[in-house]
Amino acid sequence: MNRKNLFSVENEVALHPERNRERPQAEDLPEAREEITDSESCYYSSTAFEPGVGDGDSTEYRELLRRERNRYSGTVVPFISIVAGVAGGFFAVPAVILNEIANIFSAVSFLSAGAFVLVVLGPFAEETLKQSGAIFQLEKMRGSIRYDWQFFLSGMLGGLVFSVLENLIYQYIYLRNFTPEKLAAAMAFRWTMCTALHMLCPLVSAMGLRRVWRDSLAKERPCRISDAFPWFAAATFIHGLYNATMLLLDPFGAK
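Residues numbered from 1 in each chain as written. Predicted model: local features only at pLDDT ≥ 70, side-chain atom pairs only at ≥ 80, totals over all residues. Heavy atoms only, no water.

(A) Unusual backbone geometry, seen in detail. With a phi angle near 55°, Glu-220 is a residue other than glycine that sits in the positive phi range. Locating Glu-220 in the fold gives a position in the loop between helix 9 (180-219) and helix 10 (229-249). (Helix = DSSP H or I, 4+ residues; strand = E, 2+ residues; numbered from the N terminus.)

(B) Here's a closer look at the confidence of the model for the protein. Counting all residues, the mean pLDDT for the protein is 79, and 71% of those residues have values of 70 or more. Low confidence marks residues 42-56, where pLDDT is under 50. Its contacts with residues over four positions away, or in another chain, come to 22 contacts. (pLDDT = per-residue confidence, 0-100. Contact = heavy atoms within 4.5 Å.)

(C) Spotlight on a nonpolar patch on the surface. Taken together, the side chains of Leu-98, Phe-116, Val-120 and Leu-121 make up a nonpolar region of the molecular surface, amounting to roughly 330 Å² of accessible area. If one sorts the elements of the nonpolar patch by residue count, helix 6 (residues 113-130) sits on top with three residues. (Patch = residues over 30% accessible without salt bridge, like charges linked within 9 Å, V, L, I, M, F, W, Y side chains within 5 Å. Areas by Shrake-Rupley, 256 points an atom, 1.4 Å probe, with all protein chains shown as cover. Salt bridge = Lys/Arg side-chain N within 4 Å of Asp/Glu carboxyl O.)

(D) Geometry of the pattern of salt bridges. Counted according to the given criterion, the structure contains nine salt bridges. With its nearest N and O atoms 2.8 Å apart, the salt bridge here joins Glu-68 to Arg-142. Placement of Glu-68 in helix 3 (residues 58-69) and of Arg-142 in the loop between helix 7 (132-140) and helix 8 (149-174) is noted, with a sequence separation of 74 residues between them. Glu-68 sits in the buried class, given a relative accessible area of 10%. For Lys-130, the salt bridge identified is with Glu-127, shortest N-O distance 3.0 Å. One end of the pair, Lys-130, and the other, Glu-127, are both in helix 6, three residues apart, so they sit about a helical turn from each other. Grouping residues by exposure puts Lys-130 and Glu-127 together as buried. (Buried < 20%, exposed > 50% of the residue type's maximum accessible area, 1.4 Å probe, protein only.)

(E) Layout of helix 4 (residues 77-91). A rise of 1.5 Å per residue sets the reference length of helix 4, with its 15 residues, at 21 Å; its end C-alpha atoms lie 21 Å apart and thus fit the reference within 8%. What helix 4 keeps buried is the set Val-77, Ile-80, Ser-81, Ala-84, Gly-85, Gly-88 and Gly-89. (Expected span 1.5 Å × (residues − 1).)

(F) Layout of the side chain of Glu-126. One can find Glu-126 in helix 6. Lys-130 is the oppositely charged side chain nearest to the buried, salt-bridge-free Glu-126, at an N-O distance of 4.6 Å. Within the local environment of Glu-126, its side chain forms a polar contact with the side chain of His-239, the two groups lying 3.5 Å apart. Discounting chain neighbours no more than four positions away, the residues touching Glu-126 are Ala-92, Ala-95, Asn-99, Phe-162, Glu-166, His-198 and His-239. (Lys, Arg positive; Asp, Glu negative; His and termini not counted. Polar contact = N/O pair within 3.5 Å; in protein donor to acceptor, adjacent residues only side chain to side chain.)

(G) Region of interest: the packing of helix 7 against helix 9. In contact at an axis separation of 11 Å, helix 7 and helix 9 are set at 5° when each is read in the N-to-C sense. Taken as axis vectors, helix 7 and helix 9 run roughly parallel relative to one another. Across the interface between the two elements, Ala-134, Ile-135 and Leu-138 from helix 7 touch Leu-209, Val-212 and Trp-213 from helix 9. A breakdown of the residues in the contact of helix 7 with helix 9 according to their chemical character gives six nonpolar, no polar and no charged. (Axes fitted to C-alpha atoms, helices over the stretch in contact; angles between N-to-C directions. Parallel < 35°, antiparallel > 145°, perpendicular 65-115°, else oblique. Nonpolar A, V, L, I, M, F, W, Y, C, P; charged D, E, K, R; others polar.)

(H) Inspection of the packing of aromatic side chains at higher detail. What the rule picks out here adds up to three aromatic pairs. Seen from their ring centres, Phe-151 and Trp-213 are 5.8 Å apart, and the 55° between their planes marks the pair as tilted. Highlighted residues: Phe-151 in helix 8 and Trp-213 in helix 9, separated in sequence by 62 residues. As far as burial versus exposure is concerned, Phe-151 and Trp-213 are alike and both buried. When the centroid spacing of 5.1 Å and the interplanar angle of 70° are considered together, the rings of Tyr-170 and Tyr-174 count as edge-to-face. Of this pair, Tyr-170 and Tyr-174 both sit in helix 8, four residues apart, roughly one helical turn. On the basis of relative accessibility, which here comes to 1%, the residue Tyr-170 falls in the buried class. (Phe/Tyr/Trp six-rings, centres within 6.5 Å; stacked < 30°, edge-to-face > 60°.)

(I) Main features of the nonpolar core. Within the largest apolar cluster, twelve residues are counted, these being Ala-134, Ile-135, Leu-138, Ile-145, Phe-151, Ala-206, Leu-209, Val-212, Trp-213, Cys-223, Ala-228 and Phe-232. Those elements that place two or more of their residues in this core are helix 7 and helix 9. For this core, the element with the most residues is helix 9, which contributes four residues. Those residues in contact with Trp-213, other than ones at most four positions away along the chain, are Arg-69, Leu-138, Ile-145, Arg-146, Tyr-147, Asp-148 and Phe-151. (Core = buried A, V, L, I, M, F, W, Y, C linked by side-chain atoms within 4.5 Å.)

See below:
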């Protein structure tokens, strides 16, 4: 049955009740596409996930990566990583407010929701947000990544910028009621120990992002940021362990 006959007025049941509309035969229907049952193949074959790499062909991915790398000269590559790190440090600042609110509630009991935020949720938010610039670069500007050290540079700068901003917030807002002697002791501790912590943890998570980037190049497929989760979990654990220690000892009201 051709298309003209199928949609002809002569086949309308309302006009000709005595007739039954002929059903289209299988040969008249377009051939059905073979269904992809493998979840990973379906995910990475999505054109929404990676425009221009619709069939998961590694050749197309190599060509796409080559074009993206041509957008960035070698001189601008370190600058982009620096900007990504500084941006991540600023993006993590809201976590300071979250931690301070949690600290108020955790004063009631160590086994409280506030303590959970301070030891688990807050550190995870900080360590993720500090790397937000690097994650954006890896996802949307991967052509600007040429070397392993870019991840560590970005992470270290993100931790340093965040630590400076956090220390200033504590000095002029949260600890402003301290006596001069106690404030000096607390800030000396924060500028050394806290700054070292905030620069160490992003270096741990940077190892995960580096691994994701290397796997992407080796397997010639888009990056899977979720593969970096174990390293982010390790950075969160180190940060959370430090926060738990400070919550128990509470030497200067520092976290």
